[in-house]
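Structure at a glance
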Amino acid sequence: MCEQKLHNLPKNIAIDGPAASGKSTIGTLIANKIGYMCLDTGIMYRAVAFQALKEGINVDDEEQVTKLAERIEIDILPASSRDGRQFDVIINGEDHSWDIRATAVNAVVSEVSVYPGVRQAMTLQQRKIAEKGKIVMIGRDIGTVVLPDADMKIYLDASVEVRAQRRYIEDLGRGEDVCLEDVVNSLRHRDEIDSGRAVAPLKAAEDAIMIDSDRMTVYEVVEHVMKLLEKRG
Ligand code: CDP
Ligand code: CDP
């Protein structure tokens, strides 16, 4: 698709949806096509969960985890290695791009993301990053809470079976010893906590465009979004 057709681009694009629905893959591709920055906010919550485990903080201790979220330094940079990562994730000066994807982090990230103080610390940083505009921001609460005024909002969905299958293949490709049933259970567990929490639950904004990608490839979803952007012009 020709980029010159794309005038009247939205200042910011919010992409929300459940785990492994394709948000970061599709968000990164769209951002590259239109020359926007891409921020996957899930990385920030993963970084808090990872660092809590690293420092031996009990993830049930809301006060300690919140203090950690307020002092943690997270830098998300363009990928410096072609090992499949989408970004370099630097936590307090150290590269933990893959560590934040570990099973141990998956198991606790939704629990730490429930804490209102953790969310407040992350939301403040996310809004600051978005101030300059030209950003595709990905998460669970971007269209509803972080950037409620985003002028394009997408809610990317897919059934848990399809999402688990995709994540399973992804994990196998990285050489991880996983079983499909565990991946299904882990996604279900996170979806349940993410959708059920009191503050900023996972849900589609009322003005979000819904895309069900069960039967769509990455390429088809990207084309669909690019057509929506073209129509705005
Ligand atoms: O990549 P995947 O979809 O598996 O997860 P992620 O986007 O990296 O997010 C990891 C976890 O962070 C989610 O399951 C949520 O608990 C939390 N999260 C959140 O609460 N709010 C966001 N804006 C982004 C992620
Ligand atoms: O960011 P999120 O957790 O929502 O999902 P992702 O990490 O971007 O996508 C999970 C996996 O599903 C990746 O390997 C994608 O390439 C794959 N995927 C797919 O095969 N078809 C789609 N329509 C969307 C994602």
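It should be noted that the structure appears before, not after, this text.
Residues numbered from 1 in each chain as written. Chains lettered and ligands numbered in written order. Predicted model: local features only at pLDDT ≥ 70, side-chain atom pairs only at ≥ 80, totals over all residues. Heavy atoms only, no water.

Remarks on the overall build of the protein chain
Note the following rule: Comment: elements are numbered from the N terminus, with helices defined as DSSP H or I runs of at least four residues and strands as E runs of at least two. The globule rule used here is 2.2 Å times the number of residues to the 0.38 power, and the radius of gyration it is set against is calculated over C-alpha atoms. Whether a residue is buried, partly exposed or exposed follows from its accessible area with a 1.4 Å probe, protein chains only, as a fraction of its type maximum: under 20%, in between, or over 50%, in that order. Contacts are residue-level and defined by heavy atoms, with any inter-residue pair within 4.5 Å sufficient. Every accessible area reported is derived by Shrake-Rupley at a probe size of 1.4 Å, with residue values counting cover from the shown protein chains alone.
When helices and strands are counted, the protein chain shows nine helices and eight strands. Computed over C-alpha atoms, the radius of gyration of the protein chain comes to 17 Å, within 12% of the 17 Å expected from 2.2 N^0.38 for 233 residues, which places it in the range of a compact globule. Here the C-alpha coordinates of the protein chain stretch approximately 50 × 40 × 35 Å along the principal axes. Buried residues in the protein chain amount to 49% of all 233 residues. Expressed as a percentage of contacts within the protein chain between residues at least 6 apart in sequence, the contacts between residues at least 24 apart total 74%. With an accessible surface of roughly 11600 Å², the protein chain has 50% of that area assigned to carbon and sulfur atoms.

Brief notes about the site of ligand 2
Formally: Note on definitions. A residue lies near a molecule or strand when any single heavy atom of the residue is within 4 Å of it. In the analysis that follows, any N or O atom pair within 3.5 Å is treated as a polar contact, provided that within protein one partner can donate a hydrogen and the other can accept it, and provided that, for residues neighboring in sequence, both atoms belong to side chains. As a working rule, the residues Ala, Val, Leu, Ile, Met, Phe, Trp, Tyr, Cys and Pro are called nonpolar, Asp, Glu, Lys and Arg charged, and the rest polar, with Gly in that last group.
Neighbouring residues of ligand 2: 15 residues in total, closest Lys23, Ser24, Thr25, Arg167 and Met216. Note that an oxygen atom of ligand 2 is positioned 2.8 Å from one of the side-chain N or O atoms of Ser24. A distance of 3.3 Å separates a nitrogen atom of ligand 2 from a polar side-chain atom of Arg166. Taking 540 Å² as the accessible area of ligand 2 by itself, protein coverage stands at 82%. Residue contributions to the shell around ligand 2 peak at four residues, all from helix α1 (residues 23-34). Class assignment of the residues belonging to the shell around ligand 2 gives a composition of five nonpolar, six polar and four charged.

Focus on the pattern of salt bridges
We apply this condition: Every case where a carboxyl oxygen of Asp or Glu lies within 4 Å of a side-chain nitrogen of Lys or Arg is listed as a salt bridge.
The final tally for this structure, using the stated rule, is 16 salt bridges. We note a salt bridge from Arg85 to Asp95, for which the minimum N-O separation is 3.1 Å. Placement of Arg85 in the loop between β3 (74-78) and β4 (87-91) and of Asp95 in strand β5 (residues 94-95) is noted, with a sequence separation of 10 residues between them. For Asp95, a relative accessible area of 39% gives the class partly exposed. Here Asp141 makes a salt bridge to Arg119, at a shortest N to O gap of 2.9 Å.

Side note on the environment of Leu228
Note that Leu228 resides in helix α9 (residues 218-232). Using a relative accessible area of 17% as the deciding quantity, one classes Leu228 as buried. Placed 135 residues apart in sequence, Leu228 and Gly93 show a C-alpha to C-alpha distance of 39 Å. For Leu228, the residues in contact, after removing those within four places along its chain, are Met152 and Ile209.

Points about the nonpolar core
Cut-off, in case you're wondering: By nonpolar core we mean a set of buried residues, namely Ala, Val, Leu, Ile, Met, Phe, Trp, Tyr and Cys, connected to one another through side-chain atoms within 4.5 Å.
Counting residues in each nonpolar core, the largest one holds 57 residues, and the members touching the most others are Val48, Met122 and Leu229. With eight residues, the top contributor of residues to this core is helix α2 (residues 42-54). What Val48 contacts, discounting residues up to four positions off in sequence, is Val65, Leu68, Ala69, Ile72, Val112, Val118 and Met122. In terms of nonpolar packing, the next biggest core, distinct from the first, is built from eight residues, Ala19, Tyr168, Val183 and Val184 among them.

Digging into the packing of helix α3 (residues 62-71) against helix α5 (residues 116-130)
When two helices pack together, their arrangement is captured by the angle between the axes and the distance separating the axes. Keep this limit in mind: Axis geometry follows a simple rule: fit a line to the C-alpha atoms, using only the stretch in contact for helices, then measure angles between N-to-C directions, giving values from 0 to 180 degrees. Should an angle fall under 35 degrees it is called roughly parallel, over 145 degrees roughly antiparallel, and 65 to 115 degrees roughly perpendicular, with every other angle called oblique.
Interhelical geometry of α3 versus α5 gives an angle of 5 degrees and a closest axis separation of 8 Å. Looking at the two axes, α3 sits roughly parallel to α5. Mapping the contact onto sequence places Glu62, Val65, Thr66, Ala69 and Glu70 in α3 and Pro116, Gly117, Val118, Ala121 and Met122 in α5. When the residues that make up the contact of α3 with α5 are grouped by side-chain class, the tally is six nonpolar, two polar and two charged.

Brief notes about the sheet that holds strand β8 (residues 209-212)
Worth spelling out the cut-off: Paired strands are those between which DSSP finds at least two bridges.
Read from one edge of the open sheet, five strands run β2-β6-β1-β7-β8, paired in parallel fashion. In the strand order of this sheet, the two ends are held by β2 (37-40) and β8, each with one partner. Going across the sheet, the axis of each strand differs from the next one's by a mean of 20 degrees, ignoring polarity. As defined by bridge partners, strand β1 (residues 12-16) adjoins strand β7 (residues 152-157) across four bridges and the pair is classed as parallel. When the bridges of β7 are listed, Asp16 appears paired with Tyr155. Sheet strands in contact with α9 are β1, β7 and β8, and its direction is about 160 degrees off that of β7.

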